Every structure is written in C-alpha cells, then in structure tokens.
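Examining the three-dimensional arrangement
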Amino acid sequence: MSDTWLPTLITESPEAGYQLAIKMSRMGVKYTQPSAEAREKLRPKYAESADSLIAVSHVVAVNFQTVAAANNYWKA
Ligand code: HEM
C-alpha cells in the first residue's frame, strides 16, 4: 500500500471532496482488513444489507465533514 494516497485534504469542489471522503472511508476498511480475498468475500454481504449501507454512508458523512472543514466549506 502506497503511503502517498492522501497527499492533501484540499479539493477543487465539494463533489471532489465527497469522492475523497469515500476514498478515506474505503482506505479505513483496507487498513483494517488488508486481505483483498477477505474483503471480496464480504462485499456481497454489505452490498445487499440496508443496515451495512447505512453504516457505510455514516462513515463517509463523518469523513466528508473533515474534508469540508479543511476546505473552509469551499467558500469563495
Ligand atoms: C467496492 C465503498 C466497506 C469490500 C466499493 C465501492 C465503494 C465502496 C464506493 C465501489 C463500488 C463500485 O464502484 O461499484 C465502501 C465504503 C465502505 C466500504 C465507503 C465503508 C466505510 C467495505 C467493506 C468491505 C468492502 C467492509 C468488505 C469487508 C469491497 C469490495 C469492493 C468494494 C471487495 C469491490 C472491489 C473494489 O471496487 O475495490 N466499496 N465500502 N467494502 N468494497 Fe466497499
């Protein structure tokens, strides 16, 4: 795993910031479970579980708050 996957929290737009929040969330999972095989095995479960998807959305929302604050909410 490269250690340069998060060079900056600054993004050009809120949408790019949201993509970064998703990336951060996924990386959290990747660091927690480094085995791609294990993740691939579990993917169908979380992809079809309403509760898991709500939990995923929550993690992304928390990370988005961090990214938005770092970008001063993209105010001009
Ligand atoms: C794919 C988000 C947790 C395993 C994806 C995709 C997203 C995503 C956006 C791409 C979907 C697509 O392009 O069709 C997240 C977020 C998570 C999370 C935000 C939690 C905060 C997990 C967990 C596992 C997992 C817990 C397994 C234990 C996978 C796998 C794929 C995938 C195997 C497909 C391969 C890939 O595109 O890398 N996930 N996911 N994810 N996720 Fe997750």
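These notes cover the structure that comes with them. (Residues numbered from 1 in each chain as written. Predicted model: local features only at pLDDT ≥ 70, side-chain atom pairs only at ≥ 80, totals over all residues. Heavy atoms only, no water.)

1. Some words on a nonpolar patch on the surface
Together, Tyr46, Leu53 and Val56 make up an exposed nonpolar region whose accessible area comes to about 220 Å². Among the secondary structure elements, Val56 is positioned in helix H3 (residues 50-70). Classification of Val56 as partly exposed rests on a relative accessible area of 37%. (Patch = residues over 30% accessible without salt bridge, like charges linked within 9 Å, V, L, I, M, F, W, Y side chains within 5 Å. Areas by Shrake-Rupley, 256 points an atom, 1.4 Å probe, with all protein chains shown as cover. Salt bridge = Lys/Arg side-chain N within 4 Å of Asp/Glu carboxyl O. Helix = DSSP H or I, 4+ residues; strand = E, 2+ residues; numbered from the N terminus. Buried < 20%, exposed > 50% of the residue type's maximum accessible area, 1.4 Å probe, protein only.)

2. Focus on the site of the ligand
Surveying the vicinity of the ligand reveals the residues Ile22, Ser25, Arg26, Val29, Arg39, Glu40, Leu42, Arg43, Tyr46, Val56, Val59 and Val60. In this structure, an oxygen atom belonging to the ligand sits 2.6 Å away from a side-chain N or O atom of Arg26. With respect to the ligand, the side chain of Tyr46 contributes an N or O atom lying 2.5 Å from a nitrogen atom. Elements with a contribution of two residues or more to the shell around the ligand: helix H1 (14-32), helix H2 (36-47) and H3. Top contributing element to the shell around the ligand by residue count: H2, with five residues. Across the shell around the ligand, the residue classes break down as seven nonpolar, one polar and four charged. (Near = heavy atom within 4 Å. Polar contact = N/O pair within 3.5 Å; in protein donor to acceptor, adjacent residues only side chain to side chain. Nonpolar A, V, L, I, M, F, W, Y, C, P; charged D, E, K, R; others polar.)

3. Some details on the side chain of Thr11
With respect to the secondary-structure elements, Thr11 resides in the segment before H1. Given a relative accessible area of 15%, Thr11 falls into the buried group. Polar contacts involving the side chain of Thr11 include one to the main-chain carbonyl oxygen of Ser13, which spans 3.2 Å. Excluding anything up to four places from it in sequence, Thr11 contacts Ala16, Gly17, Leu20, Asn71 and Trp74. (Contact = heavy atoms within 4.5 Å.)

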